[in-house]
Amino acid sequence: MITVTTEATASTEPLKLLSSEGVSIWLDDLSRERIASGNLADLVKDRHVVGVTTNPSIFQAAIGSGAGYEEQLADLAVRGVTVDEAVRMMTTADVRAAADVLRPVYDATAGRDGRVSIEVDPRLAHDTRATVAEARQLAWLVDRPNVMIKIPATKAGLPAITEVIGLGISVNVTLIFSLERYREVMDAYLAGLERARAAGLDLSSIHSVASFFVSRVDSEIDKRLTLLGTDTALSLKGKAALANARLAYEAYAKVFVGDRWDALENAGANRQRPLWASTGVKDPAYKDTLYVDELVAPGTVNTMPEATLNATADHGRITGDTVTGGYARARADLDAVEALGIPYDEVVRLLEAEGVAKFEAAWRELLAAVTKSLESKGVDGE
(Lines give C-alpha, C1' and ligand atoms only; values in the text may rest on other atoms or scores of the structure.)
Protein backbone atom coordinates (compact mmCIF):
# COMPACT_ATOMS: atom_id res chain seq x y z
CA MET A 1 0.00 0.00 0.00
CA ILE A 2 1.33 3.43 -0.93
CA THR A 3 1.49 6.08 1.75
CA VAL A 4 1.09 9.49 0.14
CA THR A 5 3.32 12.07 1.83
CA THR A 6 4.67 15.43 0.83
CA GLU A 7 7.00 18.00 2.30
CA ALA A 8 3.92 19.57 3.87
CA THR A 9 3.18 16.49 5.96
CA ALA A 10 6.68 15.60 7.08
CA SER A 11 10.03 17.36 7.20
CA THR A 12 12.67 16.14 4.77
CA GLU A 13 15.61 17.75 6.58
CA PRO A 14 16.98 14.44 7.94
CA LEU A 15 16.88 12.96 4.42
CA LYS A 16 18.71 15.98 3.08
CA LEU A 17 21.34 15.61 5.81
CA LEU A 18 21.66 11.90 5.08
CA SER A 19 22.29 12.62 1.41
CA SER A 20 24.82 15.31 2.30
CA GLU A 21 26.76 12.71 4.32
CA GLY A 22 27.31 10.70 1.14
CA VAL A 23 24.51 8.16 1.65
CA SER A 24 22.38 7.45 -1.42
CA ILE A 25 18.73 6.91 -0.47
CA TRP A 26 17.03 4.16 -2.45
CA LEU A 27 13.46 2.95 -2.10
CA ASP A 28 13.02 -0.75 -1.36
CA ASP A 29 9.68 -1.14 -3.10
CA LEU A 30 8.01 -0.92 -6.50
CA SER A 31 4.58 -1.41 -8.00
CA ARG A 32 2.78 -0.35 -11.14
CA GLU A 33 0.45 1.78 -9.04
CA ARG A 34 3.41 3.63 -7.53
CA ILE A 35 4.74 4.43 -11.00
CA ALA A 36 1.42 5.31 -12.66
CA SER A 37 0.22 7.53 -9.82
CA GLY A 38 3.36 9.63 -9.93
CA ASN A 39 4.28 8.58 -6.40
CA LEU A 40 7.74 7.37 -7.40
CA ALA A 41 8.46 10.63 -9.21
CA ASP A 42 7.28 12.53 -6.12
CA LEU A 43 9.62 10.55 -3.89
CA VAL A 44 12.50 11.42 -6.19
CA LYS A 45 11.52 15.09 -6.14
CA ASP A 46 10.55 15.47 -2.48
CA ARG A 47 12.25 12.67 -0.57
CA HIS A 48 15.79 12.58 -2.00
CA VAL A 49 15.17 9.08 -3.40
CA VAL A 50 17.79 8.30 -6.06
CA GLY A 51 17.28 4.59 -6.68
CA VAL A 52 14.89 1.64 -6.38
CA THR A 53 15.41 -1.96 -5.32
CA THR A 54 13.02 -4.83 -5.90
CA ASN A 55 12.96 -8.46 -4.85
CA PRO A 56 10.63 -11.43 -5.33
CA SER A 57 8.67 -10.55 -2.18
CA ILE A 58 8.04 -7.02 -3.44
CA PHE A 59 6.77 -8.25 -6.81
CA GLN A 60 4.66 -10.92 -5.11
CA ALA A 61 2.92 -8.21 -3.07
CA ALA A 62 2.49 -5.88 -6.06
CA ILE A 63 1.45 -8.26 -8.82
CA GLY A 64 -0.34 -10.64 -6.48
CA SER A 65 -2.82 -7.88 -5.69
CA GLY A 66 -3.61 -7.52 -9.41
CA ALA A 67 -3.93 -3.73 -9.16
CA GLY A 68 -2.78 -2.10 -12.39
CA TYR A 69 -1.96 -5.36 -14.12
CA GLU A 70 -5.39 -6.39 -15.44
CA GLU A 71 -4.93 -5.17 -19.02
CA GLN A 72 -1.50 -6.73 -19.43
CA LEU A 73 -2.70 -9.99 -17.88
CA ALA A 74 -5.57 -10.10 -20.37
CA ASP A 75 -3.17 -9.60 -23.28
CA LEU A 76 -0.81 -12.25 -21.94
CA ALA A 77 -3.70 -14.67 -21.52
CA VAL A 78 -4.83 -14.15 -25.11
CA ARG A 79 -1.31 -14.90 -26.29
CA GLY A 80 -1.27 -18.10 -24.27
CA VAL A 81 2.10 -17.43 -22.68
CA THR A 82 3.54 -19.55 -19.89
CA VAL A 83 3.26 -18.25 -16.36
CA ASP A 84 7.04 -17.73 -16.18
CA GLU A 85 6.97 -15.59 -19.30
CA ALA A 86 4.00 -13.64 -17.99
CA VAL A 87 5.77 -12.84 -14.73
CA ARG A 88 8.91 -11.77 -16.54
CA MET A 89 6.94 -9.53 -18.91
CA MET A 90 5.21 -7.79 -15.99
CA THR A 91 8.23 -7.39 -13.73
CA THR A 92 10.54 -6.14 -16.47
CA ALA A 93 7.86 -3.70 -17.65
CA ASP A 94 7.70 -2.21 -14.16
CA VAL A 95 11.47 -1.99 -13.86
CA ARG A 96 11.74 -0.41 -17.31
CA ALA A 97 9.14 2.23 -16.40
CA ALA A 98 10.82 2.94 -13.05
CA ALA A 99 14.19 3.22 -14.81
CA ASP A 100 12.69 5.89 -17.06
CA VAL A 101 11.50 7.84 -14.00
CA LEU A 102 14.99 7.62 -12.50
CA ARG A 103 16.85 8.34 -15.75
CA PRO A 104 17.47 12.05 -14.97
CA VAL A 105 19.16 11.03 -11.71
CA TYR A 106 21.25 8.47 -13.57
CA ASP A 107 22.38 11.11 -16.07
CA ALA A 108 23.09 13.71 -13.38
CA THR A 109 25.23 11.31 -11.33
CA ALA A 110 27.09 9.73 -14.27
CA GLY A 111 25.45 6.38 -13.54
CA ARG A 112 26.25 6.24 -9.84
CA ASP A 113 22.58 6.51 -8.86
CA GLY A 114 19.26 6.54 -10.68
CA ARG A 115 19.42 2.74 -10.58
CA VAL A 116 16.59 0.19 -10.53
CA SER A 117 17.38 -3.39 -9.53
CA ILE A 118 15.69 -6.60 -10.65
CA GLU A 119 16.63 -10.04 -9.34
CA VAL A 120 17.36 -13.22 -11.23
CA ASP A 121 14.87 -16.03 -10.64
CA PRO A 122 15.62 -17.10 -7.03
CA ARG A 123 15.20 -20.73 -8.03
CA LEU A 124 18.54 -20.36 -9.84
CA ALA A 125 20.48 -19.26 -6.75
CA HIS A 126 22.66 -22.37 -6.75
CA ASP A 127 23.18 -22.62 -10.53
CA THR A 128 25.99 -20.44 -11.86
CA ARG A 129 25.39 -20.93 -15.59
CA ALA A 130 21.64 -20.39 -15.35
CA THR A 131 22.17 -17.26 -13.23
CA VAL A 132 24.49 -15.78 -15.87
CA ALA A 133 22.03 -16.60 -18.65
CA GLU A 134 19.16 -15.09 -16.68
CA ALA A 135 21.16 -11.94 -15.93
CA ARG A 136 21.89 -11.44 -19.62
CA GLN A 137 18.25 -12.01 -20.50
CA LEU A 138 16.99 -9.54 -17.88
CA ALA A 139 19.44 -6.86 -19.01
CA TRP A 140 18.22 -7.37 -22.57
CA LEU A 141 14.53 -7.37 -21.60
CA VAL A 142 14.68 -4.22 -19.48
CA ASP A 143 16.95 -2.55 -22.04
CA ARG A 144 17.83 0.48 -19.92
CA PRO A 145 21.37 1.56 -19.01
CA ASN A 146 20.34 2.23 -15.41
CA VAL A 147 19.14 -1.28 -14.63
CA MET A 148 21.06 -3.37 -12.11
CA ILE A 149 20.74 -7.14 -12.11
CA LYS A 150 20.51 -8.66 -8.63
CA ILE A 151 22.52 -11.83 -8.08
CA PRO A 152 22.47 -13.61 -4.70
CA ALA A 153 25.77 -14.00 -2.88
CA THR A 154 25.64 -17.78 -2.75
CA LYS A 155 28.68 -19.88 -3.56
CA ALA A 156 27.27 -20.42 -7.04
CA GLY A 157 26.53 -16.72 -7.30
CA LEU A 158 30.14 -15.63 -6.85
CA PRO A 159 31.47 -16.83 -10.24
CA ALA A 160 28.26 -15.56 -11.84
CA ILE A 161 28.98 -12.08 -10.45
CA THR A 162 32.45 -12.16 -11.98
CA GLU A 163 31.16 -13.30 -15.37
CA VAL A 164 28.26 -10.83 -15.52
CA ILE A 165 30.43 -7.88 -14.48
CA GLY A 166 32.95 -9.06 -17.07
CA LEU A 167 30.22 -8.71 -19.69
CA GLY A 168 29.76 -5.06 -18.73
CA ILE A 169 26.43 -5.56 -16.92
CA SER A 170 25.95 -3.66 -13.65
CA VAL A 171 25.16 -5.89 -10.67
CA ASN A 172 23.48 -5.56 -7.29
CA VAL A 173 24.79 -8.44 -5.19
CA THR A 174 22.09 -9.44 -2.71
CA LEU A 175 21.63 -11.57 0.41
CA ILE A 176 25.02 -10.88 2.00
CA PHE A 177 25.10 -11.67 5.71
CA SER A 178 28.66 -12.69 6.57
CA LEU A 179 31.89 -10.74 6.53
CA GLU A 180 33.74 -13.62 4.87
CA ARG A 181 31.18 -13.85 2.08
CA TYR A 182 31.27 -10.08 1.65
CA ARG A 183 35.02 -10.20 1.06
CA GLU A 184 34.44 -12.93 -1.53
CA VAL A 185 31.83 -10.72 -3.20
CA MET A 186 34.25 -7.81 -3.47
CA ASP A 187 36.90 -10.11 -4.90
CA ALA A 188 34.38 -11.44 -7.44
CA TYR A 189 33.62 -7.86 -8.47
CA LEU A 190 37.30 -6.98 -8.92
CA ALA A 191 37.84 -10.14 -10.95
CA GLY A 192 34.89 -9.17 -13.13
CA LEU A 193 36.32 -5.70 -13.71
CA GLU A 194 39.63 -7.26 -14.70
CA ARG A 195 37.81 -9.43 -17.24
CA ALA A 196 35.95 -6.42 -18.58
CA ARG A 197 39.20 -4.47 -18.91
CA ALA A 198 40.83 -7.38 -20.75
CA ALA A 199 37.85 -7.42 -23.13
CA GLY A 200 38.32 -3.73 -23.85
CA LEU A 201 35.08 -2.62 -22.17
CA ASP A 202 34.55 0.84 -20.68
CA LEU A 203 34.91 0.26 -16.94
CA SER A 204 33.39 3.64 -16.09
CA SER A 205 30.00 2.39 -17.31
CA ILE A 206 29.98 -0.59 -14.91
CA HIS A 207 28.54 -0.05 -11.43
CA SER A 208 27.82 -2.38 -8.56
CA VAL A 209 26.47 -2.38 -5.02
CA ALA A 210 26.82 -5.11 -2.40
CA SER A 211 23.61 -5.52 -0.39
CA PHE A 212 24.56 -6.31 3.19
CA PHE A 213 21.47 -7.35 5.14
CA VAL A 214 21.01 -5.77 8.55
CA SER A 215 17.81 -6.30 10.56
CA ARG A 216 17.62 -10.06 9.99
CA VAL A 217 20.92 -10.44 11.87
CA ASP A 218 19.42 -8.83 14.95
CA SER A 219 16.22 -10.84 14.60
CA GLU A 220 18.09 -14.14 14.75
CA ILE A 221 20.70 -13.23 17.33
CA ASP A 222 18.27 -11.35 19.58
CA LYS A 223 16.03 -14.42 19.62
CA ARG A 224 18.92 -16.49 20.94
CA LEU A 225 19.97 -13.82 23.44
CA THR A 226 16.41 -13.68 24.79
CA LEU A 227 16.40 -17.45 25.28
CA LEU A 228 19.61 -17.18 27.32
CA GLY A 229 17.94 -14.50 29.40
CA THR A 230 20.95 -13.39 31.43
CA ASP A 231 21.69 -9.73 32.06
CA THR A 232 24.78 -9.99 29.86
CA ALA A 233 22.83 -11.60 27.03
CA LEU A 234 19.99 -9.09 27.19
CA SER A 235 22.43 -6.17 27.22
CA LEU A 236 23.70 -7.30 23.80
CA LYS A 237 20.31 -7.22 22.07
CA GLY A 238 20.17 -4.85 19.13
CA LYS A 239 23.96 -4.62 18.76
CA ALA A 240 24.97 -7.48 16.48
CA ALA A 241 23.48 -6.18 13.23
CA LEU A 242 25.10 -2.76 13.53
CA ALA A 243 28.40 -4.33 14.52
CA ASN A 244 28.29 -6.66 11.53
CA ALA A 245 27.52 -3.82 9.12
CA ARG A 246 30.21 -1.56 10.54
CA LEU A 247 32.83 -4.27 10.16
CA ALA A 248 31.63 -4.77 6.58
CA TYR A 249 32.36 -1.11 5.92
CA GLU A 250 35.82 -1.55 7.42
CA ALA A 251 36.39 -4.46 5.02
CA TYR A 252 35.19 -2.30 2.11
CA ALA A 253 37.63 0.46 3.05
CA LYS A 254 40.51 -2.02 3.08
CA VAL A 255 39.68 -3.70 -0.23
CA PHE A 256 39.30 -0.61 -2.38
CA VAL A 257 42.87 0.60 -1.89
CA GLY A 258 46.22 -0.75 -3.01
CA ASP A 259 47.81 -1.81 -6.28
CA ARG A 260 45.03 -4.08 -7.55
CA TRP A 261 42.33 -1.47 -7.07
CA ASP A 262 44.53 1.44 -8.23
CA ALA A 263 45.09 -0.28 -11.58
CA LEU A 264 41.36 -0.68 -12.08
CA GLU A 265 40.50 2.80 -10.85
CA ASN A 266 43.05 4.30 -13.24
CA ALA A 267 41.22 2.44 -16.01
CA GLY A 268 37.96 4.15 -14.98
CA ALA A 269 36.48 1.59 -12.56
CA ASN A 270 33.93 2.49 -9.90
CA ARG A 271 33.97 1.20 -6.33
CA GLN A 272 31.36 -1.40 -5.44
CA ARG A 273 29.42 0.50 -2.78
CA PRO A 274 28.07 -1.17 0.36
CA LEU A 275 24.28 -1.09 0.38
CA TRP A 276 22.44 -1.48 3.69
CA ALA A 277 19.46 -3.72 3.01
CA SER A 278 16.71 -5.01 5.29
CA THR A 279 16.74 -1.69 7.14
CA GLY A 280 13.14 -1.81 8.33
CA VAL A 281 13.22 -2.34 12.11
CA LYS A 282 11.43 -5.55 13.09
CA ASP A 283 11.55 -5.19 16.89
CA PRO A 284 9.12 -2.48 18.09
CA ALA A 285 11.36 -1.93 21.12
CA TYR A 286 13.94 -0.29 18.84
CA LYS A 287 13.74 3.14 17.25
CA ASP A 288 12.25 2.74 13.78
CA THR A 289 15.16 4.61 12.19
CA LEU A 290 17.88 2.64 14.01
CA TYR A 291 19.38 1.12 10.85
CA VAL A 292 19.49 4.51 9.15
CA ASP A 293 20.73 6.79 11.95
CA GLU A 294 23.45 4.35 13.02
CA LEU A 295 24.75 3.38 9.56
CA VAL A 296 25.75 6.74 8.12
CA ALA A 297 28.99 6.56 6.16
CA PRO A 298 30.22 8.15 2.93
CA GLY A 299 29.94 6.12 -0.24
CA THR A 300 27.10 3.90 0.96
CA VAL A 301 23.52 3.24 -0.10
CA ASN A 302 20.59 2.72 2.27
CA THR A 303 17.57 1.11 0.62
CA MET A 304 14.48 1.65 2.74
CA PRO A 305 10.89 0.47 2.79
CA GLU A 306 8.62 3.49 2.51
CA ALA A 307 7.67 3.32 6.20
CA THR A 308 11.35 3.67 7.14
CA LEU A 309 11.83 6.44 4.58
CA ASN A 310 8.93 8.39 6.06
CA ALA A 311 10.07 7.75 9.63
CA THR A 312 13.53 9.06 8.77
CA ALA A 313 12.04 12.16 7.15
CA ASP A 314 9.93 12.76 10.25
CA HIS A 315 12.27 12.04 13.15
CA GLY A 316 15.54 10.57 11.90
CA ARG A 317 18.60 11.78 13.79
CA ILE A 318 21.46 12.26 11.35
CA THR A 319 24.57 13.31 13.28
CA GLY A 320 27.32 12.60 10.80
CA ASP A 321 29.37 9.46 10.20
CA THR A 322 28.23 6.78 12.68
CA VAL A 323 30.28 3.94 11.20
CA THR A 324 33.93 4.93 10.76
CA GLY A 325 35.83 4.67 14.01
CA GLY A 326 33.41 2.20 15.58
CA TYR A 327 35.23 -0.92 14.49
CA ALA A 328 36.80 -1.88 17.84
CA ARG A 329 33.43 -1.63 19.58
CA ALA A 330 31.82 -3.62 16.77
CA ARG A 331 34.35 -6.44 17.10
CA ALA A 332 33.88 -6.47 20.87
CA ASP A 333 30.10 -6.77 20.49
CA LEU A 334 30.31 -9.71 18.08
CA ASP A 335 32.95 -11.38 20.25
CA ALA A 336 30.69 -10.99 23.28
CA VAL A 337 27.82 -12.67 21.44
CA GLU A 338 30.09 -15.51 20.37
CA ALA A 339 31.35 -15.91 23.95
CA LEU A 340 27.79 -16.65 25.04
CA GLY A 341 27.71 -19.69 22.76
CA ILE A 342 25.99 -18.07 19.76
CA PRO A 343 28.24 -19.02 16.82
CA TYR A 344 28.52 -16.28 14.22
CA ASP A 345 29.27 -18.63 11.32
CA GLU A 346 26.23 -20.76 12.06
CA VAL A 347 23.94 -17.73 12.27
CA VAL A 348 25.05 -16.18 8.96
CA ARG A 349 24.86 -19.53 7.14
CA LEU A 350 21.32 -19.98 8.43
CA LEU A 351 20.33 -16.47 7.39
CA GLU A 352 21.67 -16.95 3.85
CA ALA A 353 19.77 -20.24 3.47
CA GLU A 354 16.58 -18.68 4.88
CA GLY A 355 16.96 -15.61 2.67
CA VAL A 356 17.19 -17.69 -0.50
CA ALA A 357 14.29 -19.88 0.64
CA LYS A 358 12.07 -16.88 1.45
CA PHE A 359 12.63 -15.30 -1.95
CA GLU A 360 12.02 -18.62 -3.69
CA ALA A 361 8.78 -19.09 -1.75
CA ALA A 362 7.64 -15.56 -2.65
CA TRP A 363 8.43 -16.25 -6.32
CA ARG A 364 6.40 -19.45 -6.26
CA GLU A 365 3.49 -17.60 -4.65
CA LEU A 366 3.73 -15.00 -7.40
CA LEU A 367 3.71 -17.69 -10.08
CA ALA A 368 0.66 -19.27 -8.45
CA ALA A 369 -1.21 -15.96 -8.32
CA VAL A 370 -0.44 -15.18 -11.97
CA THR A 371 -1.40 -18.72 -12.99
CA LYS A 372 -4.77 -18.21 -11.33
CA SER A 373 -5.25 -14.88 -13.11
CA LEU A 374 -4.39 -16.36 -16.50
CA GLU A 375 -6.70 -19.33 -15.95
CA SER A 376 -9.55 -17.01 -14.91
CA LYS A 377 -9.28 -15.47 -18.39
CA GLY A 378 -9.70 -18.86 -20.00
CA VAL A 379 -6.04 -19.72 -20.60
CA ASP A 380 -4.01 -22.34 -18.80
CA GLY A 381 -0.87 -20.59 -17.58
CA GLU A 382 1.11 -23.78 -17.02
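Structural data are supplied above this passage.
Residues numbered from 1 in each chain as written. Predicted model: local features only at pLDDT ≥ 70, side-chain atom pairs only at ≥ 80, totals over all residues. Heavy atoms only, no water.

Caption draft 1: Geometry of the side chain of T289. One can find T289 in the loop between β7 (273–277) and α14 (290–293). When its relative accessible area of 0% is taken as the criterion, T289 is described as buried. Every residue in contact with T289, bar those within four places of it in the chain, is listed here: A311, T312, H315 and G316. (Helix = DSSP H or I, 4+ residues; strand = E, 2+ residues; numbered from the N terminus. Buried < 20%, exposed > 50% of the residue type's maximum accessible area, 1.4 Å probe, protein only. Contact = heavy atoms within 4.5 Å.)

Caption draft 2: Representation of the pairing of strand β1 (residues 23–27). Counting buried residues in β1 gives 5 out of 5 residues, a clear majority hidden from the surface. Of the strand pairs in this sheet, β1 and strand β2 (residues 49–52) are connected by 3 bridges, and their pairing is parallel. By the bridge assignment for β2, I25 is matched with V49. (Pairing = 2+ DSSP bridges.)

Caption draft 3: Quick peek at helix α1 (residues 13–20). The set of residues buried in α1 consists of P14, L15 and L18. Buried residues of α1, viewed axially, fall in a sector of 100°; they line one side. Buried residues along α1 sit against β1, α14, β8 (300–304) and α15 (306–315). Two residues or fewer after α1 comes G22, characterised by a positive phi angle close to 90°. (Arc of directions from axis to C-beta.)

Caption draft 4: Highlighting the packing of aromatic side chains. This structure, assessed with the given rule, holds 6 aromatic pairs. Relative to F212, the ring of Y182 has its centre 5.7 Å away and its plane inclined at 70°; by these criteria the two rings are edge-to-face. With a gap of 30 residues between them, Y182 in helix α9 (residues 179–198) and F212 in strand β6 (residues 208–213) connect regions that are remote in the sequence. For the pair Y182 and F212, a shared accessibility class is recorded, and that class is buried. Site record: aromatic cluster; members linked through ring pairs are Y189, Y249, Y252, F256 and W261. (Phe/Tyr/Trp six-rings, centres within 6.5 Å; stacked < 30°, edge-to-face > 60°.)

Caption draft 5: Up close: the side chain of R88. The residue R88 is located in helix α6 (residues 83–108) in this model. Within the local environment of R88, its side chain forms a polar contact with the backbone oxygen of E119, the two atoms lying 3.4 Å apart. Among all residues touching R88, those that are not within four sequence positions of it are I118, E119, V120, D121, E134, L138 and W363. (Polar contact = N/O pair within 3.5 Å; in protein donor to acceptor, adjacent residues only side chain to side chain.)

Caption draft 6: The arrangement of the packing of helix α10 (residues 215–228) against helix α17 (residues 344–376) in detail. Following both chains from N to C, one finds α10 and α17 inclined at 125°, their axes separated by 10 Å at the closest point. Judged on the interaxial angle alone, α17 and α10 are oblique. Seen along the crossing, α10 lies across α17 with a hand that is right-handed. Along the contact surface, α10 presents R216, V217, E220, I221 and R224, while α17 presents E346, V347, L350, L351, G355, K358 and F359. (Axes fitted to C-alpha atoms, helices over the stretch in contact; angles between N-to-C directions. Parallel < 35°, antiparallel > 145°, perpendicular 65-115°, else oblique. Left-handed = near helix turned anticlockwise from the far one by under 90°.)

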